[in-house]
Amino acid sequence: MIDVGLFNYWAVIVLMMVGFYTLIARGNLVKKLIGLNVFQTSVIMMYVTMGKIEGGTAPILVESGEHVVYSNPIPHVLMLTAIVVGVATLALGLSLVVRINEAYGTIEEDAIMDEAL
Amino acid sequence: MSQHLPVLLVAVPLFLAPVAALVGRWKLAWAVAAAGCWWAFAASIMLLRRVMDEGTIHYAMGGWEAPYGIEYRIDLVSAFVALIVAAIGAVVIPYARTSIAKEVSEDRGALFYSAFLLCLSGLLGISVTGDVFNVFVFLEVSSLSAYAMIALGQDRRALTAAFQYLIMGSTGATFIVIGIGLLYVMTGTLNMADLAERLPAVSDNRTIPVAFTFLTVGITLKLALFPLHLWLPNAYTYAPSAVTAFIASTATKVAVYLLLRFFFTVFGAAFAFEQMQLDMVLMPLALVAILGMSLVAIYQENVKRLLAFSSVAQIGYMVLGISFGSVLGVTSGILHLFNHALMKGALFMAMGCVMYSVGSVRIEKMAGLGKVMPWTMAAFVGGGLSLIGVPFTVGFVSKWYLVQAALEQGMWPVAAVVMVGSLMALVYIWKVVEVAYFQAADPDHQIREAPLSMLVPTWVLVLASFYFGIDASTTASIATRAAETLLGVGL
Amino acid sequence: MSVGLLVGFCVLLPVLGAVLVLVLRNYPNAREAATLLVGAATFYHVLGLLHYIREGARPRLDLLEVVPGVQLAFEVEPLGLVFALVASFLWPVTTLYSIGYMRGHHEENQTRFFFFFAIAIAGALGVAFSANLFTLFAFYEFLTFCTFPLVTHHQTEEAKKAGRIYLGILLSTSVGFQLIAIIWTWQLAGTVEFTEGGILAGTASAGVLGAILILFVFGVGKAAVMPFHRWLPAAMVAPTPVSALLHAVAVVKAGVFTVLKVSLYVFGIDLLATLAATDWLAWAAGATIILGSLVAFKQDNLKARLAYSTISQLSYIVLGALLANEWGIIGGGMHIAMHAFGKITLFFAAGAIMVAAHEKKISRMHGLGRTMPITFAAFFVGSLSIIGLPPAGGSWSKWFLGMGTLEAGQYGLLVVLMLSSLLGLYYLLEVPVKAFFFAPPDDAHHGPGIKEAPLPSLIAIVITASATVAFFFWPDLWHELMTLAVSGGAS
């Protein structure tokens, strides 16, 4: 049987590499930001997977006090922060792209380089 | 109140930031920002004194005890770095009032001061927190506000510089989160002290070296260690002058602090240097940074850019000290952290004065400035002497310790590289001095000395860089004690 | 005033003089009068220290601890007093000379000139009175930087190039070699205090100590041991009073003084005599003596000839230190004084010729002796002293140096000394002889328009020339002090 947990980690690695590659290789500034976002999202997935326990439930204190298996909530909570950070980064990045487009008339890295010279 | 000082140090600037944005008028916003900066300065002095008297301060956020809650843990290193950040903030803010009014349009003034406060609180937060995820959050708070401030530069290249910094900085931060996540999955804790306790038991697992590597790459990207420094020259060159002065003397310093924190407190020197052989990586990179980046600096025609490359070289000095892994080496790294903040702050502020009066910091525009702007250029020479490492300046004290650390290990070629580096600093500083003092000013161009509101803060840093060069026993003993704390010896 | 404070006061007085110069910048007469008065007061107070030294006291002033274990401190000992007496006596004399020269030559920026002049004397006195290697190094570098504006006084392209060579060589040797040697000493001995009999004996192998000695001798670029001598001729672009005081007295003597001091108080004569490196370095000094004389021989520019003569004579003193016996040290120390008085007379005369007749080339000075008899007579006396002939003071120091070579069994070096004196006989005496006895060149304008230099300059020339003769008959002061220095205690 394929271990579901490991499958998630593979997905994380693939997403991470796709994002990182796009970030480095693409000349279009918006595509770069998309790459960055995919890269960051892969990390969110990694954290969420870490906290998941097979068969675990939501970590809610049960009245009867019986022993239940629950997923670790902390990584999830951490990722709420990370999502906020990611959104802020994306927003700032996109607004910079808008300003760059106003100033240079292009959002292609090569063209900007030529302009700047 | 005094028991809540650790959190108030960070929280006051953080909460003043939206206030600055909301008041709208830039003069009012400046007043709010100034209040925040000076509060942080006063608070950090009090904290440092308390740490020196009573030892490490533990503060449980919201009353939740560590390791469940977030802990603020202030030892000598944290308090010292917080003081550096707050002191530079307190000096730069009065300078910014005049400089920013000239370089940034009025309607953005309030937002700028808001970002400034956010950046300050982020940097302070990194230095006092004892929780690794909290480090990431504060890192992003400071970085995002820094990107925004850099983008406010007059030149349109400031925009691309900020974008480049954003891409590289976010990548670095993401690397750090990956590292933190891997540590968490192995140990189940985010508290630094707790991590330090639990890590040795699992350090044979392959995940830990992977986490270590992610963290090292992420942090060295943030501190602009060669060859991960590519974002730095453009960002420093095109940012508004006050921003360059502030970021150059604080942001990379705080990243160096993070390096120290992770290597020595979290992983422990034994793991970092014996198992991972970190010195084999850091030392060559630091040496290349010192020589290579100083050489690049010599060929720059824009003085801010010249100083930016010099910063990369100087970061090499700090990392070199750390890479010895000895008390003396780490002491020299911490000392240089402080000393370099003073001198580079002074130099960038002097360049801000030139920018204010001349409108350019290209070297050929500085002809004859020695006569026309005597105080500004004298400040530049003062800061430059420190960069070269002349006795009676802070630069000399750093070098004294760094060379000693190298000779202690019997590595005299390394000591020679340090000396060659400072001679290269002589070349690039003197290049500017010769133009300013040996060429006649353009008589058609009316240039006046920068206003006092900019000169005074600049000279405060210049004089401080002389004062702490003549009487270095305070800073040196703090740095030594901090290094001993980090390495866990002599306690 | 306590003795320690008196020492500090001596170093501080020239700084006060510099401040007075700035305050009185708009009143040239008052400005120069102030320099003269402060100069006289400085000499008076330095002379006051003689009494304590004779009693065997070592007046000391601890200023502060720069880094833990390293003090900024002054301590007067006989050797330092020799240097201090020479420098502080010749300062007011040179000021007197400068008044005539700078006005007669219509030099610009005279306030800056007198300001840095006074500051440089403070630096020289700081070197003379330093209690440890750190203080010495600090003032040594201080002297380099505050003489830079003097060397480049004319701010021309030529001055800029000369300034580059000046700073480049002096700083790269001091930072590259001397500082490493100092930190190495600190590492080995655990102290940098000057101590009777040395601090390095028995701390490391002869090879390591030899390496440190080499770093010291070549690291003191101001001693101009070849191949690090190029700065001295380059610095001759400066106005003649600068060349006179700084490059015959303060700067170069600070260099050889450092070599003597290191030999006596860091290595100690006994240790020095056992090192193989001492012999090699003695021959390097010997080579400099001969080569310097040979190059001087070929110069037609009078100041350049004097510069190379200085290079050669400085190595006499370095050689004296490296002979590693009492004769050599006594001879070397006395030569500091004798050469200073002799060489300053020569420079004064060269400057007087420049002001009065506007001639720089020796070949064009033929016949000038008849119009400027006093100047050329003084030149003659100064030459005798440099060569080492009676009735001039130089004969005594040469005598002791010669005895030193015999004592050390270095007959080859004795030949070197003799040969160099023979060369000196020609290249120095050629000038007055031809001026007095040769006919002027056809196109020369040695007509009635030319007379002696301005009166203040003339008085200064006569003072130094008479002192040179006087030291032949009464060399006791210098001899007594140097004997105290080598015997290391009360007489």
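Coordinates for the structure precede this section.
Residues numbered from 1 in each chain as written. Chains lettered and ligands numbered in written order. Predicted model: local features only at pLDDT ≥ 70, side-chain atom pairs only at ≥ 80, totals over all residues. Heavy atoms only, no water.

Trainee: A description of the overall build of chain A should follow, citing residues and the corresponding values.
Mentor: Along chain A, the regular secondary structure elements total four helices and zero strands. Helices and strands appear in chain A in the N-to-C order α-α-α-α. For 117 residues, the compact-globule formula gives about 13 Å, and the C-alpha radius of gyration of chain A, at 20 Å, lies well above that figure. Considering only C-alpha atoms, chain A reaches an extent of 70 × 35 × 15 Å along its principal axes. Within chain A, contacts between residues separated by at least 24 positions form 53% of all contacts whose residues are at least 6 apart in sequence. (Helix = DSSP H or I, 4+ residues; strand = E, 2+ residues; numbered from the N terminus. Rg over C-alpha atoms; globule rule 2.2 N^0.38 Å. Contact = heavy atoms within 4.5 Å.)

Trainee: Requested: an account of the interface of chain B and chain C, with residues and values cited.
Mentor: In this complex, chain B contributes 31 residues to the contact, which on the side of chain C involves 32 residues. With both chains or domains summed, chain B and chain C bury close to 2900 Å², and 78% of this area falls on carbon and sulfur atoms. In terms of surface lost to chain C, no three residues of chain B exceed Phe392(B), Trp400(B) and Phe438(B), which account for 26% of the buried area on that side. On the surface where chain B and chain C come into contact, there are one salt bridge. (Buried area = accessible area lost by both parts, 1.4 Å probe. Salt bridge = Lys/Arg side-chain N within 4 Å of Asp/Glu carboxyl O.)

Trainee: Got a sec to walk through the interface of chain B and chain A? Specific residues and values, please.
Mentor: Between chain B and chain A, the residue contacts involve 29 residues of the former and 34 residues of the latter. Roughly 2700 Å² is buried in total at the junction of chain B and chain A, and carbon and sulfur atoms are behind 79% of that figure. Of all residues in chain B, Arg156(B), Leu159(B) and Phe163(B) give up the largest surface area on contact with chain A, accounting jointly for 24% of the area buried on that side. For the interface between chain B and chain A, the tally reads six residue pairs in polar contact (both at pLDDT 80 or more). For the side of chain B that touches chain A, the elements supplying multiple residues, two or more each, are α5 (132-150) and α6 (157-187) of chain B. The element contributing the most residues to the side of chain B that touches chain A is α6(B), with 18 residues. Looking at the side of chain B that touches chain A residue by residue, the class counts come to 20 nonpolar, five polar and four charged. (Polar contact = N/O pair within 3.5 Å; in protein donor to acceptor, adjacent residues only side chain to side chain. Nonpolar A, V, L, I, M, F, W, Y, C, P; charged D, E, K, R; others polar.)

Trainee: Can you tell me about the pattern of salt bridges, naming the residues and giving the values?
Mentor: Applying the stated criterion across every chain yields a total of 17 salt bridges over all chains. Measuring nitrogen to oxygen at the nearest pair gives 3.8 Å for the salt bridge that ties Glu109(A) to Lys32(A). With Glu109(A) in helix α4 (residues 109-116) and Lys32(A) in helix α2 (residues 29-51), this pair connects stretches of sequence that are 77 residues apart. Take Glu109(A): its relative accessible area is 32%, and that puts it in the partly exposed class. Between Glu430(C) and Arg305(C) there is a salt bridge, with the nearest N and O atoms lying 2.6 Å from each other. On the criterion of sequence distance, the pair formed by Glu430(C) in helix α16 (residues 411-437) and Arg305(C) in helix α12 (residues 302-322) is long-range, its members being 125 residues apart. Owing to a relative accessible area of 13%, Glu430(C) belongs among the buried residues under this scheme. When its relative accessible area of 4% is taken as the criterion, Arg305(C) is described as buried. Residues joined by salt bridges that share partners form a network here, namely Arg60(C), Asp62(C), Glu75(C) and Glu193(C). (Buried < 20%, exposed > 50% of the residue type's maximum accessible area, 1.4 Å probe, protein only.)

Trainee: Describe the nonpolar core, naming the residues involved and giving the relevant values.
Mentor: The nonpolar side chains of soluble globular proteins are, as a tendency, buried together. Residues and elements named next belong to chain C. Counting residues in each nonpolar core, the largest one holds 434 residues, and the members touching the most others are Phe129 and Phe267. Tallying contributions element by element places helix α13 (residues 326-357) first for this core, with 20 residues. With near-sequence residues (within four places) excluded, Phe129 lies in contact with Val7, Cys10, Val11, Val46, Leu49, Ala73, Phe74, Glu75, Val76, Gly80, Leu81 and Ala84. (Core = buried A, V, L, I, M, F, W, Y, C linked by side-chain atoms within 4.5 Å.)

Trainee: I'd like to hear about the pairing of strand β2 (residues 70-75) of chain C, residue by residue, with values.
Mentor: All names here are of chain C. Burial analysis of β2 places five of its six residues in the buried class, which makes it a mostly covered element. Looking at chain direction, strand β1 (residues 60-67) and β2 are connected through six bridges and run antiparallel. Bridge pairing in β2 places Val67 opposite Val70. Where β1 folds back onto β2 in an antiparallel hairpin, the turn is made up of two residues, including Gly69, whose phi is positive at roughly 95 degrees. (Pairing = 2+ DSSP bridges.)

Trainee: Pulling in residues and values, what's your account of the side chain of Ser145(B)?
Mentor: All names here are of chain B. Along the chain, Ser145 turns up in helix α5. Of note is the side chain of Ser145, whose polar atom sits 2.8 Å from the backbone oxygen of Val141. In this structure, Ser145 is in contact with Ala115, Leu118 and Cys119, ignoring residues within four places of it in sequence.

Trainee: So what's going on with a nonpolar patch on the surface? Residues and values would help.
Mentor: A cluster of nonpolar side chains, namely Leu12(C), Val15(C), Leu16(C), Val19(C) and Val23(C), defines an oily patch on the protein surface of about 400 Å² accessible area. Tracing the sequence through the fold places Leu16(C) in helix α1 (residues 3-23). (Patch = residues over 30% accessible without salt bridge, like charges linked within 9 Å, V, L, I, M, F, W, Y side chains within 5 Å. Areas by Shrake-Rupley, 256 points an atom, 1.4 Å probe, with all protein chains shown as cover.)

Trainee: Explain helix α5 (residues 133-151) of chain C to me, and be specific about the residues and the numbers.
Mentor: Residue and element names in this part refer to chain C. Between the first and last C-alpha of α5 there are 26 Å, a value that for 19 residues agrees with the 27 Å anticipated at 1.5 Å per step. Within α5, 18 of the 19 residues are buried, leaving the element largely enclosed by the surrounding structure. Looking at where α5 begins, the residue whose side-chain oxygen comes 3.2 Å from the main-chain nitrogen of Phe134 is Asn132. (Expected span 1.5 Å × (residues − 1).)

Trainee: Provide a residue-level description of the arrangement of the chains, including the pertinent values.
Mentor: By contact count, the dominant pairing among the two pairs of chains in contact is that of chains A and B. For the non-touching pair chain A and chain C, the nearest C-alpha separation works out to 33 Å.

Trainee: Talk me through the environment of Met355(B); I want residue IDs and the actual numbers.
Mentor: Residues and elements named next belong to chain B. With respect to the element layout, Met355 can be found in helix α14 (residues 327-358). When its relative accessible area of 19% is taken as the criterion, Met355 is described as buried. Filtering out sequence-adjacent residues up to four positions away, Met355 remains in contact with Glu103, Gln154, Ser241, Ser360 and Val361.

Trainee: Please set out the packing of helix α8 (residues 207-222) of chain B against helix α10 (residues 241-267) of chain B residue by residue, giving values where relevant.
Mentor: All names here are of chain B. The N-to-C vectors of α8 and α10 enclose an angle of 165 degrees; their axes lie 8 Å apart at closest approach. Here α10 runs roughly antiparallel to α8, going by the angle between their axes. Note that α8 runs across α10; the crossing there is left-handed. When α8 is examined against α10, the residues Ile208, Phe212, Leu215, Thr216, Ile219, Thr220 and Lys222 are found in contact with a partner set consisting of Thr252, Ala255, Leu258, Leu259, Phe262, Phe263 and Phe267. In terms of residue class, the contact of α8 with α10 is built from ten nonpolar, three polar and one charged. (Axes fitted to C-alpha atoms, helices over the stretch in contact; angles between N-to-C directions. Parallel < 35°, antiparallel > 145°, perpendicular 65-115°, else oblique. Left-handed = near helix turned anticlockwise from the far one by under 90°.)

Trainee: I'd love a proper account of the packing of aromatic side chains, names of residues and values included.
Mentor: Residues and elements named next belong to chain B. A complete count under the given rule lists 55 aromatic pairs over all chains for this structure. Their ring planes at 40 degrees and their centres at 6.1 Å tell us that Phe112 and Phe116 sit as a pair that is tilted. Within this pair, Phe112 and its partner Phe116 are both found in helix α4 (residues 109-128), separated by four residues, close to a single helical turn. The exposure classification of Phe112 matches that of Phe116, with both residues buried. Each ring, one from Tyr467 and one from Phe468, has its centre 5.2 Å from the other, and the planes form 85 degrees; the classification is edge-to-face. (Phe/Tyr/Trp six-rings, centres within 6.5 Å; stacked < 30°, edge-to-face > 60°.)

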